[in-house]
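Below, each chain spelled out in residue letters.
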Amino acid sequence: MSCVFTGSIMTSCSDDDDSVSQDYQKKLIGEWLATVNRDTELDDENDVVYVLLSFNEDGVLFQKNYDGNTTEPLNCWERSCRHGIYTVNEAAHTIQCELFEGEAKFGFVGDQMIFTDSSNDVEMSMTFHRPSKAEKALLSMYDLSLEGNDYCGKWFMVQEENGKSTYTMLDFTEDSGLKTTRYTVTGDQCIRTDYSQFYGEDNSDEDGPMLEIYNSNDYFQRELYWWKVSGNTLTLEKNDDSEEETILTYHALTKADAALLAELEKKCPLIDNLTEKIKGKWMMAEVNGKPVVTNSKQVLTYESATKFYYSLSISAISDLNVWVNHCEGRYNANGTTLVQLVKLPNEDIKFSQQFNILSVTDDEMQVYAMSETFINDQSYRLTKDLRERKVRVTHDYSNDIIGTWEGRLTSDQDTYSDNELHRWEYKADGTFVYYRQNSHGEWVADVNTMAEYFVDGVLLCSRWKNVGDDTEKRESWEIASIENGVMKWTALRQKEDGSTFTAQFSMTRVNP
């Protein structure tokens, strides 16, 4: 609001005028208009700024500035609109608001309101009056003719669905930043989610002005929204190819909304030093209270405050047929929220994830997860509302597994169970050799066109192709232990009917 006070001093007002009404806040409600004529040596005497202030009963102040030259056409003018919560100190005759620094004094003389800003070294005062019908009509014409970023500021929305309440605040800043704060309340549980994004304008669409919303760590992925501000309401309509229409309606954040958000904040879990507490390796254990089968597990390794590594088991995204082995990603931690992005090397595939952390201990982490897969910067799959339990992985067997091992599968339900001895040689370069025993008891290496593996913590993933068969085969296990020359594997498998069983493998280190 600093631009309100950069014009010439038009009049002043005594602070001890006892004739004015003491019900200052009530008298403020409504619209007030001032005209500022610039008086600097470089300014044209026809340069003016119309300043319209609108105070509502919900504690929100809207300020519109119309800046131009009265001798120039309307398309040469500029228009801006801002809003923020205001607080009145009637005893001191002052107003505090997000739109200006410090406090502004105000008073009434007849039908006029005097605003005085003392936040700068020089005290500036302006005289406002109630706008006439003609002035309102003129400003309405300016509103229709001049573009402006009226969406800047804080907006609030409440949604109720299936016993769940969602409270969302958008904060569009003037430096093209967008912060979304969301509180999701189910029963006694309150979860806070934070998003940091950027936005830009696109006024080329004939259906109206649009906003381009970008993720903070991925400028190539964007969402488009038509926007409209009417009174104290912001409407965003998503522009995409989906048949389902998405229209979101917000209102300017009020004092009551801010108080509600403060109460919700008290109900949310607080986690100090989150990036330090999550540092290390984690593996998915449960989703929505059910154990995760080994073929669908993921491992996350948080190395620093911004960098992590990501590995996936064989069927976590089997429809994409990708090999996700220690892929490097970036993440941002904000409060109790992690937002992270992984781009696969040599692939046009990206994974975007958001974790709302419920709790972190030395052994496990409870989160609400939302993830989205992108192919060629287009959304391919979105999953949300997943409650995940992740366990800390304290052992990394990637070096211990190197060597040759011999053993027999102890479960008769597993895919590759044949009750025969098996032998593998795991090499340091991430390849392996499988050996079969011939009729003479000799171990003969299979000739495979491809045989690769990786170990991330305790997760072992293998893939191979047999000669003459271009079908890629995959298998995943969890290494239970490697000690005293004995390696034990375990895996939770799922049958076609949905039931699960545990497969186990025990093998002994041998000399080839």
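Residues numbered from 1 in each chain as written. Predicted model: local features only at pLDDT ≥ 70, side-chain atom pairs only at ≥ 80, totals over all residues. Heavy atoms only, no water.

### Regarding the environment of Ile 479
- Relative to the elements of secondary structure, Ile 479 occurs in strand β32 (residues 473-483).
- Since its relative accessible area comes to 3%, Ile 479 is described here as buried.
- Measuring from C-alpha to C-alpha, the distance between Ile 479 and Gly 457 comes to 8.5 Å, with 22 residues separating the pair along the chain.
- When sequence neighbours within four positions are dropped, the list of residues in contact with Ile 479 reads Tyr 397, Ile 401, Val 455, Val 458, Leu 460, Met 487, Lys 488 and Trp 489. (Helix = DSSP H or I, 4+ residues; strand = E, 2+ residues; numbered from the N terminus. Buried < 20%, exposed > 50% of the residue type's maximum accessible area, 1.4 Å probe, protein only. Contact = heavy atoms within 4.5 Å.)

### Digging into the pairing of strand β20 (residues 307-312)
- Of all 6 residues that make up β20, 6 are buried, and the element is covered over most of its length.
- Note that strand β19 (residues 298-302) and β20 share 5 bridges and pair antiparallel. Each residue of the ladder has a partner; that of Thr 301, found in β20, is Tyr 309.
- Linking two consecutive strands that pair antiparallel, namely β19 and β20, is a turn of 4 residues.
- Across 4 bridges, β20 lies against strand β21 (residues 327-334) in antiparallel orientation. Looking at the pairing, Tyr 309 lines up with Glu 328 of β21. (Pairing = 2+ DSSP bridges.)

### Some details on the nonpolar core
- Counting 31 residues, the largest nonpolar core has Ile 401, Tyr 426, Phe 432, Leu 460, Ile 479, Met 487 and Trp 489 as its most contacted members.
- Secondary structure elements with two or more residues in this core: β26 (403-409), β27 (421-426), β28 (432-437), β30 (448-456), β31 (459-466), β32, β33 (486-494) and β34 (500-510).
- Residues in contact with Tyr 426, not counting those within four places in the same chain, are Ile 401, Ile 402, Gly 403, Trp 405, Thr 431, Phe 432, Tyr 453, Leu 460 and Trp 489.
- Counting 26 residues, the second largest nonpolar core, distinct from the first, contains Val 322, Val 324, Val 342 and Ala 369. (Core = buried A, V, L, I, M, F, W, Y, C linked by side-chain atoms within 4.5 Å.)

### Side note on the side chain of Asn 65
- Along the chain, the position of Asn 65 falls in strand β3 (residues 60-69).
- Asn 65 sits in the buried class, given a relative accessible area of 6%.
- Polar side-chain contacts of Asn 65 include one of 2.9 Å to the side chain of Gln 63. (Polar contact = N/O pair within 3.5 Å; in protein donor to acceptor, adjacent residues only side chain to side chain.)

### Side note on the packing of aromatic side chains
- For the structure on display, the rule yields 27 aromatic pairs.
- Centre to centre, the rings of Tyr 426 and Tyr 453 are 4.9 Å apart; their planes meet at 70°, and the pair counts as edge-to-face. With Tyr 426 in strand β27 and Tyr 453 in strand β30, this residue pair connects regions lying 27 residues apart in the sequence. Each of the two residues, Tyr 426 as well as Tyr 453, counts as buried.
- Taking the centre distance of 5.3 Å and the plane angle of 80° together, the rings of Trp 489 and Phe 505 count as edge-to-face. Here Trp 489 is found in strand β33, whereas its partner Phe 505 is found in strand β34, with 16 residues between them in sequence. The same class applies to Trp 489 as to Phe 505, namely buried.
- The structure contains a cluster of three or more aromatic residues connected by ring pairs, namely Trp 424, Tyr 434, Trp 477, Trp 489 and Phe 505. (Phe/Tyr/Trp six-rings, centres within 6.5 Å; stacked < 30°, edge-to-face > 60°.)

### Points about the layout of surface pockets
- Considered as a void within the structure, the second largest pocket measures approximately 900 Å³ in volume.
- Looking at the second largest pocket, it is lined by 33 residues, and the ones nearest its centre are Arg 79, Asp 143, Asp 150, Val 229 and Ser 230.
- At the level of elements, β2 (47-55), β3, β4 (78-89), α2 (133-145), β14 (218-230) and β15 (233-239) are the ones that each hand at least two residues to the lining of the second largest pocket.
- Looking at the lining of the second largest pocket, the element that brings in the most residues is α2, giving 6 residues.
- Of the residues assigned to the lining of the second largest pocket, the class counts are 13 nonpolar, 9 polar and 11 charged. (1 Å grid on protein atoms, 1.4 Å probe; cavity = no way out; pocket = protein on both sides within 12 Å on 5 of 7 lines; lining within 4 Å. Points joined across faces, edges and corners; volume = space filled by probe spheres on them. Nonpolar A, V, L, I, M, F, W, Y, C, P; charged D, E, K, R; others polar.)

### Points about the pairing of strand β11 (residues 177-186)
- Most of β11 sits out of view: 7 of its 10 residues are buried.
- With 9 bridges joining them, strand β10 (residues 164-172) and β11 adopt antiparallel strand pairing. Looking at β11, one finds that Ser 165 is bridged to Val 185.
- Linkage of β10 to β11, two consecutive antiparallel strands, is achieved through a turn of 4 residues, within which Ser 176 is found at a positive phi near 70°.
- Counted along the chain from β11 to the antiparallel partner strand β12 (residues 189-202), the turn is 2 residues long, and its residue Gly 187 has a positive phi close to 65°.

### Remarks on the confidence of the model for the protein
- For the protein, mean pLDDT is 87; residues scoring 70 or higher make up 90% of the total.
- A low-confidence stretch, residues 1-22 stays under pLDDT 50, and its non-local contacts, those more than four residues away or across chains, total 43 contacts. (pLDDT = per-residue confidence, 0-100.)

### Here we look at the pattern of salt bridges
- On inspection of all chains with the given rule, the structure shows 25 salt bridges.
- Across the pair Lys 297 and Glu 478 runs a salt bridge, and its minimum N-O distance is 3.1 Å. With a gap of 181 residues between them, Lys 297 in the loop between β18 (290-291) and β19 and Glu 478 in strand β32 connect regions that are remote in the sequence.
- Under the relative-accessibility criterion, Glu 478 is labelled buried at 13%.
- For Glu 406, the salt bridge identified is with Arg 423, shortest N-O distance 2.3 Å. With Glu 406 in strand β26 and Arg 423 in strand β27, this pair connects stretches of sequence that are 17 residues apart. As far as burial versus exposure is concerned, Glu 406 and Arg 423 are alike and both buried.
- Within this structure, Lys 64, Arg 79, Asp 143 and Asp 150 form a network of salt bridges that share partners. (Salt bridge = Lys/Arg side-chain N within 4 Å of Asp/Glu carboxyl O.)

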